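Here are the chains, one letter per residue:
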Amino acid sequence: MNTVFDGPVVIVGGGVAGLVSAQLLLEAGCDVTVIEREPLTGGLARSHRYEDGDWSFDIGPHRFYTENPNIKAYLDRVIKGEGTLFPRRSEVYFQGKYYRWPLHPKNLLQLPKGLAAKAFVDLGINNFRTYEVDTFEQYVMRQYGPTLFKHFFGGYTQKFLGLHPRDTHPDWAKVGLNRAIIDDKLQMQNLTQLAKTTLTQFNATEIDFLYPDKGMQQAWEKVSAIVENLGGRIITNTAARMEGKEGRVERVFAGDEQIDPAVVIWTAPITVATKQLKVHTPNLPYLGMLTFNVCAEADLDRKYQWCYYGASDLIFSRISIPKYFSPGTVPGGKDAVGICCEVTCMQGDERWQHAERLTDWVVDDLIKVGMLKNRRQVHDVHVERTPDSYPIYHKNYPAELEKARRGLDTFENLHLAGRTGLFWYNNMDHSIENAMQLCKKLLRAAGKAEIEEIHLAQGKVA
């Protein structure tokens, strides 16, 4: 029997924020149903498996890293020792060479001398230049100088987003660099910080990441099992539809089934929510992601976990190698290696519709950048399409997002969460924290502060 709300909590989207919210609310005594459009839970953090699970590929690189003790406690509860701790090794490919990322002092010797000299000049004179900083282009030039913008940040961003840097909001730079750096101790928000951080990396110890032994899907299978064991329902392979009236979401449909919710937590795209509830539908597009999951037999020279590729003549923008997160993601045999190549696009465009035609281009570029020696090393390539993978922070997105939120805020029992629900460029750890904060807010609003405090003491609700 529901002891918290007057009816069930319906969570739309079985990704990180949705699953964690479901678990925490069930532990607090709520009646919870999760509706997920994909066959598997995990959302953007799920894995694709092939050959009876011998090969596991995430949708790009995923890992757990946090300084938040409540999130650490939660992960300890879920992973329960079935995870691998590993030191970070990430790189960036620039003008035909590989550089450690974040930059290491020895990398400075690899940089073209002319480029390094111009960047050094930028460091000295940038404070005397005037920038509007109302676009990604202006913001990055102000923070890092014209040289690094021209040769690295600008080209990579336009390739990734498909949007010119002068049409991109500066928030993409502010949050994007943090997502790429991860370690809060490394300050790289401008050219001066970049120089200082780089020069302090001589004897730096790499941070350790946590990763499930068999791939990220293993974590979400565990959370899904906890949800169901607590009496929650997870409806997969089904799209959700809401109907609202007089400031409340009155009905949620999972296929033909109708649920009358007390609370709705919406983690699907915010644009879908606005259409269903007939409020202002914003201009808030999401990137689509194509992943080319290459199963190969090769002893790779580059043993990074992930690497950024900004060159415009290369089709992929990032590569990750699951084996270097955990050896349990590939079949036995020392030379078995999976290579996940990411190609961004817009859902429904030419690349999206005909992604399989790009397979040869992907393999050729892997050879071009030195990841493979020849085509004979590849025995299979699986092409996966992931819609709504990244929010696109165009120049006017804050105003569009505010209009959408104001419209949805009129529904008192509707709460947005997660990357797509909040139109928020985040990592898994942020989604877990978001779920914890939302659950605490809901329990307190329901007058169940004592439940929230008990779970806080048990490390269950942050």
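Because the structure is predicted, anything quoted here is derived from the model rather than measured. (Residues numbered from 1 in each chain as written. Predicted model: local features only at pLDDT ≥ 70, side-chain atom pairs only at ≥ 80, totals over all residues. Heavy atoms only, no water.)

1. Digging into the overall build of the protein chain
Here is step 1: For the protein chain, the helix and strand inventory stands at 16 helices and 19 strands.
Here is step 2: Looking at the protein chain residue by residue over its 462 residues, the buried ones come to 58%.
Here is step 3: Nonlocal contacts in the protein chain, meaning residues at least 24 apart in sequence, comprise 72% of its contacts between residues at least 6 apart.
Here is step 4: When the accessible surface of the protein chain is split by element, carbon and sulfur atoms take 50% of a total near 19800 Å². (Helix = DSSP H or I, 4+ residues; strand = E, 2+ residues; numbered from the N terminus. Buried < 20%, exposed > 50% of the residue type's maximum accessible area, 1.4 Å probe, protein only. Contact = heavy atoms within 4.5 Å. Areas by Shrake-Rupley, 256 points an atom, 1.4 Å probe, with all protein chains shown as cover.)

2. Description of the nonpolar core
Here is step 1: Counting residues in each nonpolar core, the largest one holds 105 residues, and the members touching the most others are Phe64 and Trp220.
Here is step 2: Counting residues in hydrophobic clusters, the runner-up holds 34 residues, among them Leu290, Val294, Ile321 and Cys345. (Core = buried A, V, L, I, M, F, W, Y, C linked by side-chain atoms within 4.5 Å.)

3. Observations regarding empty space enclosed by the protein
Here is step 1: Scanning the entire structure with this criterion turns up one cavity of 30 Å³ or more.
Here is step 2: Space inside the largest cavity adds up to approximately 60 Å³.
Here is step 3: Lining the largest cavity are Ser56, Phe57, Asp58, Gly60, Pro61, His62, Tyr211, Ser320, Ile321, Pro322, Phe325 and Cys340.
Here is step 4: Residues of the lining of the largest cavity, tallied by class, amount to seven nonpolar, four polar and one charged. (1 Å grid on protein atoms, 1.4 Å probe; cavity = no way out; pocket = protein on both sides within 12 Å on 5 of 7 lines; lining within 4 Å. Points joined across faces, edges and corners; volume = space filled by probe spheres on them. Nonpolar A, V, L, I, M, F, W, Y, C, P; charged D, E, K, R; others polar.)

4. Points about the sheet that holds strand S2 (residues 32-35)
Here is step 1: Pairing within the open sheet is parallel, and its five strands lie in the order S9-S2-S1-S13-S19. Here the strands that pair on one side only, and so sit at the sheet edges, are strand S9 (233-235) and strand S19 (414-416). The mean angle between the axes of side-by-side strands here comes to 20°, regardless of whether they run parallel or antiparallel. (Pairing = 2+ DSSP bridges. Axes fitted to C-alpha atoms, helices over the stretch in contact; angles between N-to-C directions.)

5. Digging into the packing of helix H2 (residues 69-79) against helix H9 (residues 217-229)
Here is step 1: Between H2 and H9, whose axes approach to 9 Å, the crossing angle comes to 85°. Our classification of the angle between H2 and H9 gives roughly perpendicular. Across from Tyr74, Val78 and Ile79 in H2, the residues of H9 making contact are Ala219, Lys222 and Val223.
Here is step 2: Tallied by class, residues from the contact of H2 with H9 come to five nonpolar, no polar and one charged. (Parallel < 35°, antiparallel > 145°, perpendicular 65-115°, else oblique.)

6. Quick look at the environment of lysine 150
Here is step 1: By the element assignment, lysine 150 lies in helix H6 (residues 146-161).
Here is step 2: In this structure the C-alpha to C-alpha distance between lysine 150 and glutamate 137, which are 13 residues apart in sequence, comes to 9.4 Å.

7. Overview of the side chain of serine 47
Here is step 1: When you line up the elements, serine 47 lands in strand S3 (residues 47-50).
Here is step 2: A polar contact of 3.4 Å, which involves the side chain of serine 47, links it to the backbone nitrogen of methionine 216.
Here is step 3: Those residues in contact with serine 47 that sit more than four places away from it in its chain are Leu40, Ser56, Phe57, Asp58, Gly215, Met216 and Gln217. (Polar contact = N/O pair within 3.5 Å; in protein donor to acceptor, adjacent residues only side chain to side chain.)

Without other data, these values stay purely geometric and don't point to any function.
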